[in-house]
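# A look at the structure
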Amino acid sequence: MKRPTLTPMEHQPIPRFYLYGEPSRAVDPEFIHVETLDDRSRPNEWTIRPHSHAELNHVFLIMGGGGTMQVDERELTFDAPALLVVPATLIHGFSWTHESHGWVATLAEAERERLITANPELAGLFGAARAVPLSADDAVRAEQHMAMMARELGWALPGQLTALRAAVLDLFVLALRGIAAAPMLSPRPQAALVARFRGRVEQRFRLRESVQTYAATLGISESRLRAACTQVAGLPPAAIIDQRSLLEAQRALLYSTLPVSEIGYSLGFADPAYFSRFFTKNIGRSPRAFREQR
């Protein structure tokens, strides 16, 4: 069967979506979503044009058919059964063979970080886009997880998030075990630089260091870091640092009984009033109101 082709990305504006076709918006830090491949691919005539997501990662399960995955300006062909791993921020597109079928799991970058922190052996899985071939047995196992996640998301029962995380983790394990035979598309230099910056932010966001300090540590100019972050993540580096601080603040407000002032101190804010203003400006309500409402 002749492989479908994708339009080259050169000189074309790259849209940034929430889910494909949906306007970009803030991502819930615990966001996990599942849908069938058919949901968006059939209405778009089996072609998903190049786009990116600032804070969402994908794991595609291809159960039938195949196609071409485009990452940046490189292409990778694949056939079912396979798992496709697409890290957040990468520009990617797909052209499926007609009537391909499968599933798409999407999770927030904050949720991926949480799972990887608890399971460090999986840390390298999202270092690049991958097409991971599956055995027939592993494909059935993966599809059972996708179907279970779809059912879980259909209603709110006790333990829902725990069940979703367990299913996602097993998908990660299946991908990890297949990596040895998996073609890999490494990120372009700009994306790799932003990944290094995010790694540094993860280590030091509690110190409230300046963008200039981060750039110097990475051995680049502040303007180069700003250009890379804006192009790849759609945000300036200062906003990425603030996002990480806000995520940790929300976690502390939801899952601890620490006073608001102590949460601010733990995130490098010497003035509790300033921390409260910072949180309110970005989240839309005060730390105390956020805790009470959630």
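Details of the structure are given in the entry above.
Reference entry: report on the structure contained in this document. Only a predicted model underlies this, so the values are computations on that prediction, with no experimental measurement involved. (Residues numbered from 1 in each chain as written. Predicted model: local features only at pLDDT ≥ 70, side-chain atom pairs only at ≥ 80, totals over all residues. Heavy atoms only, no water.)

### Points about the packing of aromatic side chains
For clarity, the cut-off: Aromatic pairing here means that ring centres of Phe, Tyr or Trp (its six-membered ring) are within 6.5 Å. Orientation follows from the plane angle: under 30 degrees is stacked, over 60 is edge-to-face, and everything else is tilted. In this text, helices come from DSSP runs of H or I with a minimum length of four residues, and strands from runs of E with a minimum of two, each type numbered from the N-terminal end. Any residue under 20% of the maximum accessible area for its type is buried, any over 50% is exposed, and the rest in between are partly exposed; the area is computed with a 1.4 Å probe on protein chains only.
Here the structure, examined in full by the defined rule, presents 11 aromatic pairs. Between Phe 60 and Phe 94 the ring centres are 4.6 Å apart and the planes differ by 50°, which places this aromatic pair in the tilted class. Taken as a pair, Phe 60 in strand β3 (residues 56-64) and Phe 94 in strand β7 (residues 92-96) lie far apart in primary sequence, 34 residues in all. On the basis of relative accessibility, which here comes to 1%, the residue Phe 94 falls in the buried class. Ring plane angle 70° and centroid distance 5.8 Å describe the contact between Phe 78 and Trp 96, whose orientation is recorded as edge-to-face. Placement of Phe 78 in strand β5 (residues 74-79) and of Trp 96 in strand β7 is noted, with a sequence separation of 18 residues between them.

### Let's talk about the side chain of Glu 209
Quick note on the threshold: Any pair of N or O atoms that falls within 3.5 Å is considered a polar contact. Within protein, one atom must be able to donate a hydrogen and the other to accept it, and sequence-neighbouring residues count only if both atoms are side-chain atoms. Note on definitions: a residue-residue contact is assigned when non-hydrogen atoms from the two residues lie within 4.5 Å.
Counting through the fold element by element, Glu 209 comes out in the loop between α5 (189-204) and α6 (211-218). At 2.6 Å, the side chain of Glu 209 forms a polar contact with the side chain of Arg 204. Not counting residues up to four positions away in its chain, the partners in contact with Glu 209 are Arg 204, Tyr 214 and Ile 241.

### Considering the sheet that holds strand β2 (residues 47-51)
What counts is decided by this rule: Between any two strands, pairing holds if DSSP finds at least two bridges. Working convention: axes come from line fits to C-alpha atoms, limited for helices to the stretch in contact. Angles between N-to-C directions cover 0 to 180 degrees.
One open sheet holds the 4 strands; their spatial order is β2-β7-β4-β5, and the pairing between them is antiparallel. Where the open sheet ends on each side, the last strands, each with one partner, are β2 and β5. Each strand axis lies, on average, 20° off the axis of its neighbour in the sheet, ignoring direction. Strand direction decides the pairing type here: strand β4 (residues 66-71) and β5, joined by 6 bridges, are antiparallel.

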